[in-house]
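# Residue-level structure breakdown
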Amino acid sequence: MHYYRYKNKNPEVSCCYKYLMFSYNIVFWFVGAAFLGIGFWAWSEKGVLSDLSQVTRQNGFDPVWVVLVVGTVTFVLGFAGCVGALRENICMLKFFCGVIGVIFFLELTAGVLAFVFQDTLREWISDFFLTNVKGYRDDIDLQNLIDSLQRTNQCCGAQNPNDWNTNNYFNCTDDNPSRERCGVPFSCCLADPAQTVMNTQCGYDVRARPEREWNTVIHVKGCIPALEGWLPRNLYIVAGVFIIISLLQMLGIFLARTLIGDIEMVNSGFRY
């Protein structure tokens, strides 16, 4: 551990580590504030802030929750790291270390459990997707998320297009008055290079046709099988992302622990 020394030989907190810690955390502080701003803006656009009871009435998953939770954790950690470094506050630095350590442990635990219980995880993701298919028209952010997932992976439904039968707007029951009856969202449709504007009605009545004709209009592969095929093709990218995140977390813990050691040594009145 290195210290800046003065003529009186008293140890000092390393300015290098102190401002590295501050610089490291101020980025996350601003990112957390931006995420919170985006999350509350999204809720205000949907009218949730003026009627908080909407939160409990949603049928599917609201992606804004992810933005708000990530933003809150990032903002709090960034604040604790910045203030702890500038004010040389051991409590805040220990809080920062502890939370980062818990997050790192949870990430490792989740990775191991996902590897060991692959079949259970696959079933859970499939059930989760089906639950959100039911709430597709109830939340615009959820709708955009599912559409993006289906377009990017060229898939439709969890296991196949018939999963859209669980949605009140798309099911094929005789008493369904919706114009989208027996259809699928436009994000299931095959892309037409000749079209510059997406036809949002391309999925209407598709499932009323013979099943052998579906593949001429829409993607027939489910999104769960599509994601299972995507992961092995992009394994190095996924591993690289997790390694970078882990290294950033370990760097934060190292800087915080180094500062804590410096501050404790100064407070103890240690002399060389």
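Above: the structure in question.
### Looking at the packing of helix H3 (residues 64-86) against helix H4 (residues 90-116)
It is at 8 Å that the axes of H3 and H4 come closest, and there the two elements cross at 145°. Between H3 and H4 lies a crossing of left-handed hand. Judged by residue contacts, Val73, Val76, Leu77, Phe79, Ala80, Gly81, Val83, Gly84 and Ala85 of H3 engage Met92, Leu93, Phe95, Phe96, Val99, Ile100 and Ile103 from H4.

### Some points on a nonpolar patch on the surface
A grouping of Val27, Phe28, Val31, Phe35, Val66, Val70, Ile244, Leu248, Leu251 and Phe254 is seen on the molecular surface, where their side chains present a nonpolar patch of about 790 Å² in accessible area. Where the nonpolar patch is concerned, the elements lending two or more residues are helix H1 (15-45), H3 and helix H8 (235-267). The class for leucine 248 is partly exposed, based on a relative accessible area of 37%.

### Some remarks on the nonpolar core
Phe129, Ile146, Trp164, Val184, Cys188 and Ile218 are the most contacted members of the largest nonpolar core, which totals 22 residues. Considering every element that reaches this core, the biggest residue donor is helix H7 (residues 223-233), with three residues. Apart from residues lying up to four places away in sequence, isoleucine 218 is in contact with Pro161, Val184, Cys188, Cys189, Leu190 and Val206. By size, the runner-up hydrophobic cluster in this structure holds 16 residues, among which are Tyr24, Ala85, Ile90 and Ile260.

### Some words on the packing of aromatic side chains
By convention here, two paired aromatic rings are described through the distance between centres and the angle between planes. Here the structure, examined in full by the defined rule, presents eight aromatic pairs. Ring centres 4.9 Å apart and planes at 80° place the aromatic pair tyrosine 136 and tryptophan 164 in the edge-to-face group. A residue pair is termed long-range when its members are at least 10 positions apart, and tyrosine 136 in the loop between helix H5 (118-134) and helix H6 (140-153) and tryptophan 164 in the loop between H6 and H7 qualify at 28 residues. Taken together, the aromatic side chains of Trp29, Phe75 and Phe79 make up a single cluster linked through ring pairs.

### Let's talk about unusual backbone geometry
Positive phi is not limited to glycine here, since glutamine 154 has a value of about 50°. Among the structural elements, glutamine 154 can be located in the loop between H6 and H7. Of note in this structure, cysteine 182 is not a glycine but carries a positive phi near 60°. Relative to the assigned elements, cysteine 182 resides in the loop between H6 and H7.

Rules used throughout
- Residues numbered from 1 in each chain as written.
- Predicted model: local features only at pLDDT ≥ 70, side-chain atom pairs only at ≥ 80, totals over all residues.
- Heavy atoms only, no water.
- Axes fitted to C-alpha atoms, helices over the stretch in contact; angles between N-to-C directions.
- Helix = DSSP H or I, 4+ residues; strand = E, 2+ residues; numbered from the N terminus.
- Left-handed = near helix turned anticlockwise from the far one by under 90°.
- Contact = heavy atoms within 4.5 Å.
- Patch = residues over 30% accessible without salt bridge, like charges linked within 9 Å, V, L, I, M, F, W, Y side chains within 5 Å.
- Areas by Shrake-Rupley, 256 points an atom, 1.4 Å probe, with all protein chains shown as cover.
- Salt bridge = Lys/Arg side-chain N within 4 Å of Asp/Glu carboxyl O.
- Buried < 20%, exposed > 50% of the residue type's maximum accessible area, 1.4 Å probe, protein only.
- Core = buried A, V, L, I, M, F, W, Y, C linked by side-chain atoms within 4.5 Å.
- Phe/Tyr/Trp six-rings, centres within 6.5 Å; stacked < 30°, edge-to-face > 60°.

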